[in-house]
Amino acid sequence: MRVSLFVTCLVDQLFPQVGLDTVKVLRKLGLQVDFDPRQTCCSQPAFNSGFQSEAARVGRSFLEVYGGCEDPIVVPSGSCAAMLKVSLPHLFEPGSEWHRLARQVADRTWELSSFLVDCLGVDSTGAVFPEKVTYHDSCHLLRELGHRDQARRLIRSVQGIQLVEMEQSDRCCGFGGTFSVKYPEISAAMGREKLDRIRESGAGWVVAGDSSCLLHLHSLSEAAGVALRTLHLAELLARF
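Thoughts on the overall build of the protein chain
Scanning the protein chain from terminus to terminus reveals 13 helices and eight strands. By the compact-globule yardstick of 18 Å for 240 residues, the protein chain fits well, its C-alpha radius of gyration being 18 Å. The dimensions of the protein chain, computed from C-alpha atoms along their principal axes, are 50 × 45 × 25 Å. Going through the 240 residues of the protein chain one by one, you find that 52% of them count as buried. Contacts spanning at least 24 positions in sequence make up 78% of the contacts within the protein chain whose residues lie at least 6 apart.

Written as structure tokens, this is what we have:
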């Protein structure tokens with residue numbers, strides 16, 4: 001099977017290792033991974049900020065890249081996958097060619113953990129990580145896509161790992177993209193609450209499926225002088 005990797009803006013600009021490890025995992029499972037260098041943003045920042053026409057313009061650029069093929073699109077991000085699967089079609093007039101392409105792309109888009117578990121039927125990548133970790137449910141992955149158990153199944157399969165659940169694992173970390181810019185005090189307060197729950201779990205690492213959540217938590221922990229080690233799910237699953 002051949003798949004197309006959409007790396008997302010944050011991964012491309014700040015967390016390239018997440019993209020590399022996603023490729024590493026997919027190739028280990030025998031997949032051919034295609035990366036189209038024309039790819040840009042999924043249009044989520046503009047969409048979440050209420051700029052519908054700008055989001056539609058970026059969305060059309062995305063569809064021009066991905067609308068002409070049939071390969072599954074794998075995304076190492078719950079929020080970007082949710083944008084493509086749930087929100088992108090609403091930017092276009094029903095019955096239009098753009099709407100048809102958006103629906104086609106939505107049907108072909110998979111968040112990484114769901115692709116491995118629900119599409120491929122994979123429970124283990126053969127990873128080894130003898131550490132105690134906890135898992136943060138990112139909002140879009142849980143609330144828009146409804147994915148809660150897939151990542152946990154993959155984490156528990158890692159050799160030597162100990163997964164401990166934090167209290168309120170489904171509570172927002174406070175990042176929320178542009179929310180953290182518009183309401184920095186509220187965003188930071190929510191993040192500090194999440195850091196408290198992580199610390200109370202006794203885990204040395206926090207794993208999540210969105211680099212944005214991990215960026216927010218790591219930044220807050222550094223500002224507070226708290227030792228927190230973060231790991232994207234792809235980085236964990238590539239430790240074989």
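Structural notes on unusual backbone geometry
What is expected of a backbone is that most residues other than glycine have negative phi and most peptide bonds are trans. One non-glycine residue with positive phi stands out, namely Thr8, at about 75 degrees. With respect to the helices and strands, the residue Thr8 is situated in the loop between β1 (2-5) and α1 (9-13). For Thr8, a relative accessible area of 5% translates into the label buried. One non-glycine residue, Gln168, adopts positive backbone phi at about 55 degrees. Along the chain, Gln168 falls in the loop between β6 (162-163) and α10 (179-182). For Gln168, a relative accessible area of 35% gives the class partly exposed.

Side note on the pattern of salt bridges
In total, this model carries twelve salt bridges according to the counting rule given. Close ionic contact of Arg103 with Asp107 constitutes a salt bridge, the shortest N to O distance being 3.2 Å. With Arg103 and Asp107 both in helix α6 (residues 97-108) and four residues apart, the pair spans about one turn of that helix. According to the relative accessible area criterion, Arg103 is partly exposed, its value standing at 33%. A salt bridge links Arg152 to Asp137; the shortest N-O distance between them is 2.8 Å. One end of the pair, Arg152, is in helix α9 (residues 149-156); the other, Asp137, is in the loop between β5 (132-135) and α8 (139-144), and 15 residues separate them in sequence. The exposure class assigned to Asp137 is buried, which follows from its relative accessible area of 1%. The structure contains a network of salt bridges with shared partners spanning Asp137, Arg148, Arg152, Arg156 and Glu165.

With respect to the side chain of Asp21
Take Asp21: it is sitting in helix α2 (residues 16-28). No salt bridge is formed by the buried Asp21; its nearest oppositely charged neighbour, Lys24, is found at 5.0 Å. With residues up to four places along the chain from it excluded, the contact list for Asp21 reads Ala234, Glu235 and Ala238.

Section: the nonpolar core
Ranked by internal contacts, the top residues of the largest apolar core, which has 58 residues, are Phe6, Leu26, Leu116 and Ile155. Looking at this core, the element that brings in the most residues is helix α4 (residues 52-66), giving six residues. With residues near it in sequence (within four places) discarded, Phe6 still touches Gln39, Thr40, Cys41, Cys42, Phe62, Tyr66, Ile73, Val74, Val75, Pro76, Cys80 and Leu84. Counting residues in hydrophobic clusters, the runner-up holds 13 residues, among them Cys173, Phe175, Val206 and Leu214.

The rules we used
All residue numbers refer to position in the chain's written sequence, counted from 1. This being a predicted model, a pLDDT of at least 70 is required before a residue's local features are given, and a value of 80 or more before pairs of side-chain atoms are given or counted; all residues contribute to the totals for chains, interfaces and linings. In computing side-chain properties, one takes all heavy atoms of the structure into account and sets aside hydrogens as well as water. Strands are runs of DSSP state E lasting at least two residues, helices are runs of H or I lasting at least four, and both sets are numbered from the N terminus onward. This radius of gyration counts C-alpha atoms alone. The globule rule is 2.2 Å times how many residues there are, raised to the power 0.38. Three labels apply to residues, based on accessible area from a 1.4 Å probe with only protein chains included: buried if under 20% of the type maximum, exposed if over 50%, partly exposed otherwise in between. Residues count as neighbours in contact if any of their non-hydrogen atoms are within 4.5 Å of one another. Within this document, salt bridges are pairs made up of a side-chain nitrogen of Lys or Arg and a carboxyl oxygen of Asp or Glu, the two lying within 4 Å of each other. Counted as positive: Lys and Arg. Counted as negative: Asp and Glu, with His and the chain ends omitted from the count. Here, the term nonpolar core denotes a set of buried Ala, Val, Leu, Ile, Met, Phe, Trp, Tyr and Cys residues that are joined through side-chain atoms within 4.5 Å.

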